[in-house]
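What follows is the residue order along each chain.
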Protein chains: 6
Amino acid sequence: MRKDGRDNNQLRSIHIEPNFTIHPEGSVLISVGNTKVICSATIEDRVPPFMRGQGKGWITAEYAMLPRATPQRNIRESSKGKIGGRTMEIQRLIGRALRSVVDLDKIGERTLWIDCDVIQADGGTRTASITGAYVAMVMAFQKALEAKMINTMPVTTYLAATSVGVHPERGPILDLCYEEDSSADVDMNIVMTGKGEFVEIQGTGEEATFTEEQLASLITLAKKGINELIGYQKEIIGSGIAGQISESE
Amino acid sequence: MRKDGRDNNQLRSIHIEPNFTIHPEGSVLISVGNTKVICSATIEDRVPPFMRGQGKGWITAEYAMLPRATPQRNIRESSKGKIGGRTMEIQRLIGRALRSVVDLDKIGERTLWIDCDVIQADGGTRTASITGAYVAMVMAFQKALEAKMINTMPVTTYLAATSVGVHPERGPILDLCYEEDSSADVDMNIVMTGKGEFVEIQGTGEEATFTEEQLASLITLAKKGINELIGYQKEIIGSGIAGQISESE
Amino acid sequence: MRKDGRDNNQLRSIHIEPNFTIHPEGSVLISVGNTKVICSATIEDRVPPFMRGQGKGWITAEYAMLPRATPQRNIRESSKGKIGGRTMEIQRLIGRALRSVVDLDKIGERTLWIDCDVIQADGGTRTASITGAYVAMVMAFQKALEAKMINTMPVTTYLAATSVGVHPERGPILDLCYEEDSSADVDMNIVMTGKGEFVEIQGTGEEATFTEEQLASLITLAKKGINELIGYQKEIIGSGIAGQISESE
Amino acid sequence: MRKDGRDNNQLRSIHIEPNFTIHPEGSVLISVGNTKVICSATIEDRVPPFMRGQGKGWITAEYAMLPRATPQRNIRESSKGKIGGRTMEIQRLIGRALRSVVDLDKIGERTLWIDCDVIQADGGTRTASITGAYVAMVMAFQKALEAKMINTMPVTTYLAATSVGVHPERGPILDLCYEEDSSADVDMNIVMTGKGEFVEIQGTGEEATFTEEQLASLITLAKKGINELIGYQKEIIGSGIAGQISESE
Amino acid sequence: MRKDGRDNNQLRSIHIEPNFTIHPEGSVLISVGNTKVICSATIEDRVPPFMRGQGKGWITAEYAMLPRATPQRNIRESSKGKIGGRTMEIQRLIGRALRSVVDLDKIGERTLWIDCDVIQADGGTRTASITGAYVAMVMAFQKALEAKMINTMPVTTYLAATSVGVHPERGPILDLCYEEDSSADVDMNIVMTGKGEFVEIQGTGEEATFTEEQLASLITLAKKGINELIGYQKEIIGSGIAGQISESE
Amino acid sequence: MRKDGRDNNQLRSIHIEPNFTIHPEGSVLISVGNTKVICSATIEDRVPPFMRGQGKGWITAEYAMLPRATPQRNIRESSKGKIGGRTMEIQRLIGRALRSVVDLDKIGERTLWIDCDVIQADGGTRTASITGAYVAMVMAFQKALEAKMINTMPVTTYLAATSVGVHPERGPILDLCYEEDSSADVDMNIVMTGKGEFVEIQGTGEEATFTEEQLASLITLAKKGINELIGYQKEIIGSGIAGQISESE
């Protein structure tokens, strides 16, 4: 059994608070164990220069941590004057993941901005960001539908993410907290859709390696966890919207 | 009567939630009407270079807004690669204000970092930051006392801040929300102590001016508001600590 | 009596040399005691993006110090690659102050750039900058009138600034030199118009506080000093232009 | 058959030119089809601050492209003043991959710098960089052994990387050139060791997804390709060094 | 005799490999002794803002070194976030030199970008860059002629550069390698045309000076060396193009 | 005759005002025609890292222009966040030139900072900066001698600079004003010592070339001008110091 009493294939408790702040078109506070992320969705009426004139939209994400989201204070990237490599990797991942389940042709020349701001970190901030950002995005598109800015829900299926890893003593485990993540030999982030397909697999054995058998176990764990996360997203989003998202499932 | 039903000399509803996040030595979420700021206090075991070897401490503050704290999304300062003038003014103000009520000799060669992160903005973010940061700071020093890192509470009195302004129709008013602030002729931020003394007066008549009589009215309003804010801070901080802060009052 | 022989309510000697350099539309060298600032005014035929299409103008200021304006050499902000918080505060203050006495509708979609470059510093550089910049600005508008670029003098009244402070031994004093400023408990910069109204009050008790009585004394001192500064500005500007500025006074 | 005549499971022609430049401790020019990367290895006699005092070493990588490595000229990152997200992702990947096959305790407090500079790009620059950098690293460690700077070859096994992807018409393919990469639905970079274990799996379905069956096919292709690449590395490195690397295989 | 066996007035061996990479419109690898520079020429279909609407073109150059072009690894300018003074001087020099032998009116509103990337450095990188960039430029214009993008070869004459210097023991010498350059009292870079005229003379006596007699000797050496370089350029470029360049010679 | 009435071999009127500001160790305002530069010299009690432990000193220079030193306002380099190529070239030139006439062993591990701030520009700002900076430097060393910080005047000879150029109508001319400089075919800056030797020759034919005969004429003109400038420097510096500088002349 893990330190926090979970089985190896058990997620941490998850909570999504919709409409967490009043200004964004979509806003949630997602909590996955002690990890807490504010996800906001903004619809902007133009696309970046490289997309102009194609009649389709774009989705981009930004990710940041408050300085004391962590046990030690970390320096703000605005104070450093530049965005670090880890932040860039994460925000590129979030954007790619969301784009894979949206029909960009259906949103016109608009940009959906996703802001994921971690206010408390305990492992899995990037996967919590994706799971929460998905809900904020759906809420924003729902508002755009109501305002007749778009004609049809452009989201084609559900999307959630979790982490899996190989712990030196416990073996393959699901949804690592920070303490587990820092002692794991292998760390893998997996993003999947409501149709059970992969969007991203990012597995890294920092100063370690992993076998094909371990890869198979990790994927099995991730599928179980993501199924549960998507189940919870459906509850939060509600059946009305859910119907619009995926009549085909 | 104002749009939100308040009298001219009435504060918005205020709420301070202590221990809002788990990692910082001091952490509060302060809400002043719709303005919400996470204030965190961190004690670091060294001082900046210009203070070294003097045997005394330092207090410094950083201030930021989430991109969708506001009705329109604003660009992150980390993305711009530099911190704007407004942000710098505010974080210098918060730091100066807190230093005025702390005996820096009593904290040794340590730095107290204050992080004020606005998650929702509706006017008065800098004064809410000061009022909330004060509570986070006292909580952090209380922990340092309990850990015997310091011997005596270094805070000499209470400290809170509010805004006042001259509205073209309503005249002098207390605690402006964003809509009032943007239509006011004069905007003044005032920081005062538990002893009724001024720490900062920053009055600006952007594209307008104000008379000595108006100045007097504004100061009267600010004093009333700050007294109420300090009364609420005392409730939150609790009588045990309160006794340590200001035996002289 | 103060070290330099002045009474507490006495300004330092002031001198404004008009047309100090040949290229700018308005140029002065202002000396306030040993503080010397080159103030240049430039009229540019467009406004910043956020002002476009409104048919009105804008005034913006930049402030800098030569590295050896001070006893110790200070590092250029161009070498640091960014503008510091103090510089930003000052240039925002200068811009706001000037805008408060100009009818921006009368200058069309143009920007007035004010450059204040301190070549020698001995306290009060920001207030000297405002007092000098006002004269440079009037000279530039006078040239624009002569060139029929604008039809009427857009300046509505005079404007000058000074500093006041509470000295631990001498009490409230006017127009602090550097040595007085660094030992003062309270430091206040006040900007007033030719009509006796306030434009800015910025009072700070760094590691100290001040009472309502002290505030009153400081304001009285500032009013006396600013009246004298405006009297001197009128001499420099000359009666022809003076008539255009403020027929109402 | 693919446009360039290859079978789906066939690598492009590979060539590694050792000692390509004279100054670095290890230097190769790797060509994978039309992709050409100069890989240099530098041994520096210290470690970054976060590693000091642990008695072990560090490996870090930098990656860049010449402006005309590509059909369209791309702007230098030195001219932009910052390093982009893609570059950061790649250089973090290269560093992580190399560290996974080196016993950092055996190199003392030294840093191995890897520089991968793409002089001609046609897809797969990051995997070619890893495959080439591995050889440059081994050469640098061999020199350090000869100079008795270290006592034993710290490299524990071979390491190479390739890309695989799902092409809309051709299905799963190995070692994508640029034209194939830009039309592929799924793009996956895989890094493996000489022992047949995974170091990194980075699979991305930009605006697409992939099934578990496709994942299995891609992994099979990657294993075949990496085995061939490692076979070629062994030829280049030579049997003397090869023996030192992996007596256990 | 010099360490490498050359006479004082002898160039190092020179080699220019045309079409070194496949993407640029013009590409060469120039080797001057151990100094090796990749020179690429790109034709872009617009000019920088300050040139627009004049109906003529522009030529601009960028210069960089790979980190291990040198015996010690040098930090990338992209990592530093800014371009150093030496780099700026060199790229301004290359651009100016090339512009002096091109009739910019004949290329329309286009920009020729020259990229000089030093992959191995042993003194004289800036002069090798100019000599190589000239050939890359001619090749790019030749392609533009063939594509009927331009009607006539805009290059008016040949152009090459070399360095000369005063060595404390050997006196005035031609084409300094790094070891000679770092011990020379005077260092001079000279750019000349196929007509025997000067384009640039940059002579510097860092911590030393030079006489009018020494200047005369240095110029004589440079003329000899540049004549030989231009002879070699003519071989590489070929007689067809050579005829277009300079019918007047 | 030139537009301003000068002969081709005639300098503009020159004036050097010593002790222009009160804080620097050496301070002059140099005027060459309408070009005006404040030159300040600062002695700092340490050397840059690359010079430490050698027991000798260093001289470095910074150069800037006020925004309205020019007919059109130019953007501050601090606002741009980086220093341009032209500025870097000039400040490197000034530093090199001064170092060539100072025995750095005689100043101990100290840095002489030279700040050249152009307050009004009309051509020749870099050469005026060198001529003025030399005087400021001598004044600073004289103070260091008086304070017994150094034992002997480390300056070995005089140093001045001027520009020469080839005007399309007037031919070779001395000391170009801005209007002449912008129409000249060739622009050359020459720095020489009191012993008649060259320190720098920087001749550039932007979009033009020059012959060996023209080079000879330009050097003759420069020698005449620099002799006169050094004569004037001797007057300003005074015979007492002059004796210390160059007993050998």
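Thresholds, definitions, all that
- Residues numbered from 1 in each chain as written.
- Chains lettered and ligands numbered in written order.
- Predicted model: local features only at pLDDT ≥ 70, side-chain atom pairs only at ≥ 80, totals over all residues.
- Heavy atoms only, no water.
- UniProt positions renumbered as here; feature names shortened; annotations may be inferred.
- Helix = DSSP H or I, 4+ residues; strand = E, 2+ residues; numbered from the N terminus.
- Rg over C-alpha atoms; globule rule 2.2 N^0.38 Å.
- Buried < 20%, exposed > 50% of the residue type's maximum accessible area, 1.4 Å probe, protein only.
- Contact = heavy atoms within 4.5 Å.
- Areas by Shrake-Rupley, 256 points an atom, 1.4 Å probe, with all protein chains shown as cover.
- Lys, Arg positive; Asp, Glu negative; His and termini not counted.
- Charge placed at Lys NZ, Arg CZ, Asp CG, Glu CD.
- 1 Å grid on protein atoms, 1.4 Å probe; cavity = no way out; pocket = protein on both sides within 12 Å on 5 of 7 lines; lining within 4 Å.
- Polar contact = N/O pair within 3.5 Å; in protein donor to acceptor, adjacent residues only side chain to side chain.
- Points joined across faces, edges and corners; volume = space filled by probe spheres on them.
- Least-squares fit on C-alpha atoms with pLDDT ≥ 70 in both.
- Buried area = accessible area lost by both parts, 1.4 Å probe.
- Salt bridge = Lys/Arg side-chain N within 4 Å of Asp/Glu carboxyl O.
- Core = buried A, V, L, I, M, F, W, Y, C linked by side-chain atoms within 4.5 Å.
- Nonpolar A, V, L, I, M, F, W, Y, C, P; charged D, E, K, R; others polar.
- Pairing = 2+ DSSP bridges.
- Axes fitted to C-alpha atoms, helices over the stretch in contact; angles between N-to-C directions.
- Expected span 1.5 Å × (residues − 1).

Looking up chain A in an unreviewed UniProt entry gives the name Ribonuclease PH, with the organism given as Scopulibacillus darangshiensis. Under the UniProt heading Sequence similarities (unreviewed entry), the entry covering chain A gives this text: "Belongs to the RNase PH family." Within the UniProt record for chain A, the comment given under Subunit (unreviewed entry) is "Homohexameric ring arranged as a trimer of dimers."

## Some details on the overall build of chain A
What chain A contains, in helices and strands, is six helices and nine strands. The C-alpha radius of gyration computed for chain A amounts to 18 Å, which stays within 12% of the reference 18 Å derived for 249 residues, consistent with globular compactness. In terms of overall dimensions, chain A has C-alpha extents of about 55 × 45 × 30 Å along its principal axes. For chain A, buried positions account for 61% of its 249 residues. In chain A, 70% of the contacts between residues at least 6 apart in sequence involve partners at least 24 apart. Split by element, the accessible area of chain A, about 9300 Å² in all, is 48% carbon and sulfur. Computed over 27 positive and 33 negative side-chain charges, the inter-centroid distance for chain A is 5 Å.

## Comments concerning the UniProt feature "binding site: phosphate" (unreviewed entry) in chain A
Residues and elements named next belong to chain A. Per the UniProt annotation, the sites labelled "binding site: phosphate" (unreviewed entry) are Arg86, Gly124, Thr125 and Arg126. On the basis of their most widely separated C-alpha atoms, the annotated residues across 41 residues gather in one place, lying no more than 13.3 Å apart. Looking only at the residues we just named, the largest cavity is lined by Gly124. Assignment of secondary structure puts threonine 125 in helix α3 (residues 125–146). Each residue touching threonine 125, except ones within four places of it in the same chain, is listed here: Thr35, Val37, Tyr63, Met65, Arg86 and Val118. In terms of polar contacts, threonine 125 uses its side chain to reach the side chain of tyrosine 63, at 2.5 Å. Along the chain, arginine 126 turns up in helix α3. According to the relative accessible area criterion, arginine 126 is buried, its value standing at 19%.

## Examining the layout of surface pockets
Roughly 370 Å³ of volume is contained in the second largest pocket. Lining the second largest pocket are 14 residues, and of these Arg73 of chain D together with Thr42, Glu44, Arg46 and Trp113 of chain E sit closest to its centre. Per-element tally for the lining of the second largest pocket: the top contributor is strand β3 (residues 35–44) of chain E, with three residues.

## Digging into the side chain of glutamine 91 of chain E
Inspection of the secondary structure puts glutamine 91 of chain E in helix α2 (residues 85–99). For glutamine 91 of chain E, the contacting residues outside a window of four places in its chain are Ala61, Glu62, Tyr63 and Ile83 of chain E.

## Description of the relation of the copies chain D and chain E
After a rotation of 180° and a shift along the axis of 0.0 Å, chain D superposes on chain E with an RMSD of 0.0 Å. Look at the turn and shift together and you get a two-fold axis relating the two. The C-alpha atom lying nearest the rotation axis in chain D is that of serine 78 of chain D; the distance is 1.8 Å. A shared binding surface is used by both copies, with 100% of the interface residues of chain D retained as interface residues in chain E.

## Let's talk about the interface of chain A and chain D
At the junction of the two partners, chain A supplies 33 residues and chain D supplies 33 residues. Carbon and sulfur atoms make up 51% of the surface buried where chain A meets chain D, a total of about 2900 Å² over both sides. Of all residues in chain A, Glu89, Phe198 and Glu207 of chain A bury the most surface against chain D, accounting for 19% of the area lost on that side. Between arginine 92 of chain D and glutamate 89 of chain A there is a salt bridge, with its nearest N and O atoms 2.6 Å apart.

## Side note on the nonpolar core
Residues Tyr134 of chain A, Tyr134 of chain B, Tyr134 of chain C, Tyr134 of chain D, Tyr134 of chain E together with Tyr134 of chain F are the most contacted members of the largest nonpolar core, which totals 480 residues. Once you skip the residues sitting within four places of it in the chain, tyrosine 134 of chain E turns out to touch Leu98, Val101, Val155, Thr157, Tyr158, Leu159, Gln233, Ile237 and Ile245 of chain E.

## Brief notes about empty space enclosed by the protein
Residues and elements named next belong to chain A. Size it by volume and the largest cavity reaches roughly 90 Å³. As for the largest cavity, its lining consists of 13 residues, of which Val32, Ala161, Thr162, Asp175 and Leu229 are closest to the centre. For the lining of the largest cavity, the elements supplying multiple residues, two or more each, are β2 (26–32), α3 and β6 (159–167). Ranked by residue count, the leading element in the lining of the largest cavity is α3, at three residues. Looking at the lining of the largest cavity residue by residue, the class counts come to seven nonpolar, four polar and two charged.

## Quick look at the sheet that holds strand β9 (residues 198–204) of chain E
Overall, antiparallel pairing links the eight strands, which are arranged β7(E)-β6(E)-β8(E)-β9(E)-β9(F)-β8(F)-β6(F)-β7(F) in an open sheet. Because the sheet does not close on itself, it has two edges, and the strands there are β7 (171–174) of chain E together with β7 (171–174) of chain F. Strand-to-strand, the axes of this sheet are offset by a mean angle of 15°, without reference to chain direction. With respect to the sheet, helix α3 (residues 125–146) of chain E is in contact with β6 (159–167) and β8 (186–193) of chain E, its orientation differing from that of β6 of chain E by roughly 165°. With respect to the sheet, helix α2 (residues 85–99) of chain F is in contact with β9 of chain E together with β6 (159–167), β8 (186–193) and β9 (198–204) of chain F, its orientation differing from that of β9 of chain F by roughly 155°.

## Quick notes on the relation of the copies chain A and chain D
Aligned on chain D, chain A shows an RMSD of 0.0 Å; the corresponding rotation is 180° and the shift along the axis is 0.0 Å. When the interface residues of chain A are mapped onto chain D, 100% of them again lie at the interface, so the same face is used by both copies.

## A look at the sheet that holds strand β2 (residues 26–32) of chain C
All names here are of chain C. In space, the five strands of this open sheet follow the order β1-β2-β3-β5-β4, with mixed pairing throughout. With one partner strand each, in any of the chains shown, β1 (14–18) and β4 (58–65) form the two edges of the open sheet. Taken pair by pair, the neighbouring strands of this sheet meet at an average axis angle of 20°, ignoring direction. In the sheet, strand β3 (residues 35–44) pairs with strand β5 (residues 111–120) via nine bridges, with the strands oriented antiparallel. Paired with valine 37 across the bridge in β5 is valine 118. Across the sheet, helix α2 (residues 85–99) touches β4 and β5, and the angle it forms with β4 is around 145°. Helix α3 (residues 125–146) contacts β1, β2, β3, β4 and β5 of the sheet and is inclined by roughly 35° relative to β3.

## Quick notes on helix α5 (residues 212–237) of chain F
Residues and elements named next belong to chain F. If you check α5, its first and last C-alpha atoms are 37 Å apart, about what 26 residues at 1.5 Å a residue would give, namely 38 Å. Along α5, the residues classified as buried are Leu215, Leu218, Ile219, Leu221, Ala222, Gly225, Ile226, Leu229, Ile230, Tyr232, Gln233 and Ile237. Count one or two residues on from α5 and you reach glycine 238, which has phi positive near 90°.

## Observations concerning the UniProt feature "domain: Exoribonuclease phosphorolytic" (unreviewed entry) in chain A
Residue and element names in this part refer to chain A. Summarizing the sequence annotation, UniProt attributes the feature "domain: Exoribonuclease phosphorolytic" (unreviewed entry) to residues 10–140 and 158–225 in the numbering used throughout. Its end C-alpha atoms 31 Å apart, residues 10–140 is made of 27% helix and 31% strand. Between the C-alpha atoms that bound residues 158–225 the distance is 14 Å, and the span itself is 29% helix and 41% strand.

## Considerations on the interface of chain D and chain E
Listed per partner, the contact involves 33 residues of chain D and 33 residues of chain E. When chain D packs against chain E, close to 2700 Å² is buried across both sides, 53% of that on carbon and sulfur atoms. Between arginine 76 of chain E and aspartate 117 of chain D there is a salt bridge whose closest N-O contact spans 2.9 Å. Between chain D and chain E we count 24 residue pairs in polar contact (both at pLDDT 80 or more) in total. Only β3 (35–44), β4 (58–65), α1 (77–80) and β5 (111–120) of chain D provide two or more residues apiece to the side of chain D that touches chain E. The greatest single-element share of the side of chain D that touches chain E, amounting to six residues, is contributed by β5 of chain D. By residue class, the composition of the side of chain D that touches chain E is 15 nonpolar, ten polar and eight charged.

## Brief notes about the pattern of salt bridges
Tallying each qualifying case throughout the model produces 126 salt bridges over all chains. One salt bridge in this structure joins glutamate 62 of chain C and arginine 73 of chain F, with 3.1 Å as the shortest N-O distance. With one member in each of two chains, glutamate 62 of chain C in strand β4 and arginine 73 of chain F in the loop between β4 (58–65) and α1 (77–80) form a pair that bridges those chains. There is no split in this pair, since glutamate 62 of chain C and arginine 73 of chain F are both buried. Aspartate 115 of chain E is paired through a salt bridge with arginine 73 of chain D; the nearest N and O atoms lie 2.7 Å apart.

## Quick word on the arrangement of the chains
Taking C-alpha atoms as the reference, chain C and chain D come no closer than 11 Å and do not contact one another. When C-alpha atoms are compared, chain A and chain F, though not in contact, are closest at a spacing of 11 Å.

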